[in-house]
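Chain residues, written in single-letter form:
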Amino acid sequence: MWSIILMGAAGLLIGGGISFHQQKRPRWVSISFYVLAAMALLAAYLFTLPGN
């Protein structure tokens, strides 16, 4: 259940990063969204491992 929620959050974060990039915002804003999305995907993967 949590893995699905985290994957959805990662999708929203990637979309936000793309949107801020298109709006010519500072580069660090887009990069921070991408890093948060990667962390959410990693957490979703870790929740799928046995023993959780």
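Residues numbered from 1 in each chain as written. Predicted model: local features only at pLDDT ≥ 70, side-chain atom pairs only at ≥ 80, totals over all residues. Heavy atoms only, no water.

Explanation requested: the side chain of Ser30 in the structure shown.
Within the secondary structure, Ser30 sits in helix H2 (residues 27-48). Among the polar contacts made by the side chain of Ser30, one reaches the main-chain amide nitrogen of His21 at a distance of 3.4 Å. (Helix = DSSP H or I, 4+ residues; strand = E, 2+ residues; numbered from the N terminus. Polar contact = N/O pair within 3.5 Å; in protein donor to acceptor, adjacent residues only side chain to side chain.)

Got a minute to help me understand H2 in this structure?
An α-helix turns once every 3.6 residues. As a result, residues three or four positions apart point the same way. With 22 residues, H2 extends 32 Å between its outermost C-alpha atoms, agreeing within 8% with the 32 Å of an ideal straight helix rising 1.5 Å per residue. Buried within H2 are the following residues: Val29, Ser30, Ala37, Ala40 and Ala44. Each buried residue of H2 sits inside an arc of 100° when the element is viewed along its axis, so together they form one side. For H2, the exposed residues lying more than 90 degrees away from the buried face are Arg27, Trp28 and Met39. In this structure, the buried residues of H2 make contact with helix H1 (2-22). (Expected span 1.5 Å × (residues − 1). Buried < 20%, exposed > 50% of the residue type's maximum accessible area, 1.4 Å probe, protein only. Arc of directions from axis to C-beta. Contact = heavy atoms within 4.5 Å.)

Looking at this structure, I do not really get H1. What am I missing?
For H1, spanning 21 residues, the distance from its first C-alpha to its last is 30 Å, which sits close to the expected 30 Å at 1.5 Å a residue. Looking only at H1, the buried set comprises Ser3, Leu6, Ala10, Gly16 and Gly17. For H1, the angular spread of buried residues about the axis comes to 135°, placing them on one side. Among the exposed residues of H1, those oriented more than 90 degrees off its buried face are Ile4, Leu12 and Gln22. One or two steps after H1, the chain reaches Lys24, where phi turns positive at roughly 60°.

It is not clear to me how the packing of H1 against H2 should be interpreted in this structure. Could you clarify?
Packed helix pairs are characterised by how far apart their axes lie and by the angle those axes make with each other. One way to put it is that H1 packs onto H2 with a least axis distance of 8 Å and a crossing angle of 165°. One finds that H1 runs roughly antiparallel with respect to H2. Every pair of crossing elements has a handedness; the one defined by H1 and H2 is left-handed. Packed against H1, whose contacting residues are Trp2, Ser3, Leu6, Met7, Ala10, Leu13, Ile14, Gly16, Gly17, Ile18, Phe20 and His21, the element H2 presents Val29, Ser30, Phe33, Tyr34, Leu36, Ala37, Ala40, Leu41, Ala43, Ala44, Phe47 and Thr48 at the interface. Along the lines of polarity and charge, the residues of the contact of H1 with H2 split into 18 nonpolar, six polar and no charged. (Axes fitted to C-alpha atoms, helices over the stretch in contact; angles between N-to-C directions. Parallel < 35°, antiparallel > 145°, perpendicular 65-115°, else oblique. Left-handed = near helix turned anticlockwise from the far one by under 90°. Nonpolar A, V, L, I, M, F, W, Y, C, P; charged D, E, K, R; others polar.)

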